[in-house]
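Chain and residue survey
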Amino acid sequence: MSSPLRVERAGATLQLPVAYDLMTGALRTSDTALDLAPDARELDFELGWSKRLSANSSMRFGIARAFDAGHVKGATDTAGFVALVLR
């Protein structure tokens, strides 16, 4: 089980155009705050098995499941893997 690092608090202020005067060519802007912190915290579970085949090789199988994948609330992801190590 693991939980990747994520941003707890982050923000940015953007200056966005809100009006344009055709007669003078002046652009009026307004500051807008933007919250960059994610809505959820990703939680990963992994189940794996490995077997030493010889002094110079091993094999590994596994499956991993992520809840709130990418720190997005409700998103899930599943992955499987096979690894053969030859030294």
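As a convention, each chain's residues are numbered from 1 in the sequence order in which they are written. Owing to the predicted nature of the model, reporting of local features is limited to residues with pLDDT of at least 70; listing and counting of side-chain atom pairs is limited to 80 or more, with chain, interface and lining totals taken over all residues. Calculated side-chain values reflect all of the structure's heavy atoms, with hydrogen atoms and water omitted.

**Some words on a nonpolar patch on the surface**
This is how the line gets drawn: A patch is a set of surface residues, each over 30% in relative accessible area and not in a salt bridge, joined within 9 Å for like charges and within 5 Å for the nonpolar side chains Val, Leu, Ile, Met, Phe, Trp and Tyr. All accessible-area figures derive from a Shrake-Rupley calculation using a 1.4 Å probe, and residue coverage is judged against the displayed protein chains alone. For this document, the term salt bridge refers to a Lys or Arg side-chain nitrogen within 4 Å of an Asp or Glu carboxyl oxygen. We count a stretch as a helix when DSSP gives it H or I for four or more residues in a row; a strand needs E for two or more, and each element gets its number in order from the N terminus. Categorising residues by exposure relies on relative accessible area from a 1.4 Å probe, with only protein chains included: less than 20% of the type maximum marks a residue as buried, more than 50% marks it as exposed, and the intermediate range marks it as partly exposed.
Judged by side-chain polarity, Leu14, Leu16, Leu34 and Leu36 come together as a nonpolar surface patch covering roughly 330 Å² of accessible area. Among the structural elements, Leu34 can be located in strand β2 (residues 27-35). By relative accessible area, which is 40% here, Leu34 ends up partly exposed.

**With respect to the sheet that holds strand β4 (residues 57-67)**
Backbone-to-backbone hydrogen bonds pair the strands of a sheet. The strands run either parallel or antiparallel. Rules: Paired strands, in this sense, are two strands between which DSSP finds at least two bridges. Only C-alpha atoms enter the line fits that serve as axes; for helices the fit covers just the stretch in contact. Angles between N-to-C directions range over 0 to 180 degrees.
Here three strands make up an open sheet; going across it, the order is β3-β4-β5 and the pairing antiparallel. Each having just a single partner strand, β3 (43-54) and β5 (76-86) make up the two edges of the open sheet. Averaged over all neighbouring strand pairs, the angle between strand axes comes to 10°, with direction disregarded. In this structure, β4 lies alongside β5, joined through eleven bridges in antiparallel fashion. From the neighbouring strand, Ala64 faces β5, where its bridge partner is Ala79.

**Digging into the packing of aromatic side chains**
Worth spelling out the cut-off: Between the rings of Phe, Tyr and Trp (Trp by its six-membered ring), a pair exists once the centres lie within 6.5 Å; its type follows the angle of the planes, with under 30 degrees stacked, over 60 edge-to-face, and the other angles tilted.
Summed over the entire model, instances satisfying the criterion amount to two aromatic pairs. When the ring of Phe45 is compared with that of Phe67, the centres are 5.9 Å apart and the planes differ by 75°; the resulting orientation is edge-to-face. Here Phe45 is found in strand β3, whereas its partner Phe67 is found in strand β4, with 22 residues between them in sequence.

**A closer look at the pairing of strand β1 (residues 11-20)**
Where burial is concerned, little of β1 is hidden: zero out of the ten residues are buried. The hairpin turn running from β1 into β2, its antiparallel successor, is six residues long, and Gly25 in that turn takes a positive phi close to 75°.

**Observations regarding the pattern of salt bridges**
On inspection of all chains with the given rule, the structure shows one salt bridge. The closest approach of N and O atoms between Glu46 and Arg60, which form a salt bridge, is 3.2 Å. Highlighted residues: Glu46 in strand β3 and Arg60 in strand β4, separated in sequence by 14 residues. Note on Glu46: relative accessible area 48%, which makes it partly exposed.

**Overview of unusual backbone geometry**
Positive phi is not limited to glycine here, since Asp68 has a value of about 55°. Position of Asp68 among the secondary structure elements: in the loop between β4 and β5. A positive phi is found at His71, a non-glycine position, where the angle reads about 60°. With respect to the element layout, His71 can be found in the loop between β4 and β5. The buried category is assigned to His71, whose relative accessible area is 14%.

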